[in-house]
Amino acid sequence: MLNNQSVSQVNYNDALLNTQRMILLNDFILSKDLEDQYLQHLRALQSNNEWQEFYPVIAESIQEYDIPDEDIYQAIPTLIKVPAYL
């Protein structure tokens, strides 16, 4: 386990740890090129009433992962600026 802690001792209320968990999950999804499968899974959850409580997070995740590659390529020049040295 984590630092020899049992599952009952893992802190899920810590915002930083939860953010780190989310970053790790996102890195896995992106590094394995699983965005399309993840979107398909999220859309299936969105149509399942058992996941109704999670609908806002599901919709947010769909919006995050459903960005077309063309939109990403067009945004790159505005996000990454290389300073010019004279």
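Here we summarise the structure given alongside this text. (Residues numbered from 1 in each chain as written. Predicted model: local features only at pLDDT ≥ 70, side-chain atom pairs only at ≥ 80, totals over all residues. Heavy atoms only, no water.)

1. Regarding the overall build of the protein chain
Here is step 1 of the chain: A tally of helices and strands in the protein chain yields 4 helices and 0 strands.
Here is step 2 of the chain: Reading the protein chain from its N terminus to its C terminus gives the helix and strand order α-α-α-α.
Here is step 3 of the chain: In the protein chain, buried positions account for 13% of the 86 residues.
Here is step 4 of the chain: Excluding contacts between residues fewer than 6 apart, the proportion of contacts in the protein chain whose partners are at least 24 apart in sequence is 22%.
Here is step 5 of the chain: Summing over all exposed atoms, the protein chain offers an accessible surface of approximately 7700 Å²; the carbon and sulfur share of this is 56%. (Helix = DSSP H or I, 4+ residues; strand = E, 2+ residues; numbered from the N terminus. Buried < 20%, exposed > 50% of the residue type's maximum accessible area, 1.4 Å probe, protein only. Contact = heavy atoms within 4.5 Å. Areas by Shrake-Rupley, 256 points an atom, 1.4 Å probe, with all protein chains shown as cover.)

2. Examining a negative patch on the surface
Here is step 1 of the chain: A cluster of acidic side chains, namely D33, D36, D69, E70 and D71, defines a negative patch on the protein surface.
Here is step 2 of the chain: Considering each element in turn, the negative patch owes the most residues, 3 residues, to helix α4 (residues 69–79).
Here is step 3 of the chain: Within the secondary structure, D69 is located in helix α4. (Patch = residues over 30% accessible without salt bridge, like charges linked within 9 Å, V, L, I, M, F, W, Y side chains within 5 Å. Salt bridge = Lys/Arg side-chain N within 4 Å of Asp/Glu carboxyl O. Lys, Arg positive; Asp, Glu negative; His and termini not counted. Charge placed at Lys NZ, Arg CZ, Asp CG, Glu CD.)

3. A short note on the side chain of S61
Here is step 1 of the chain: Mapped onto the elements of the fold, S61 is located in helix α3 (residues 55–65).
Here is step 2 of the chain: Classification of S61 as buried rests on a relative accessible area of 12%.

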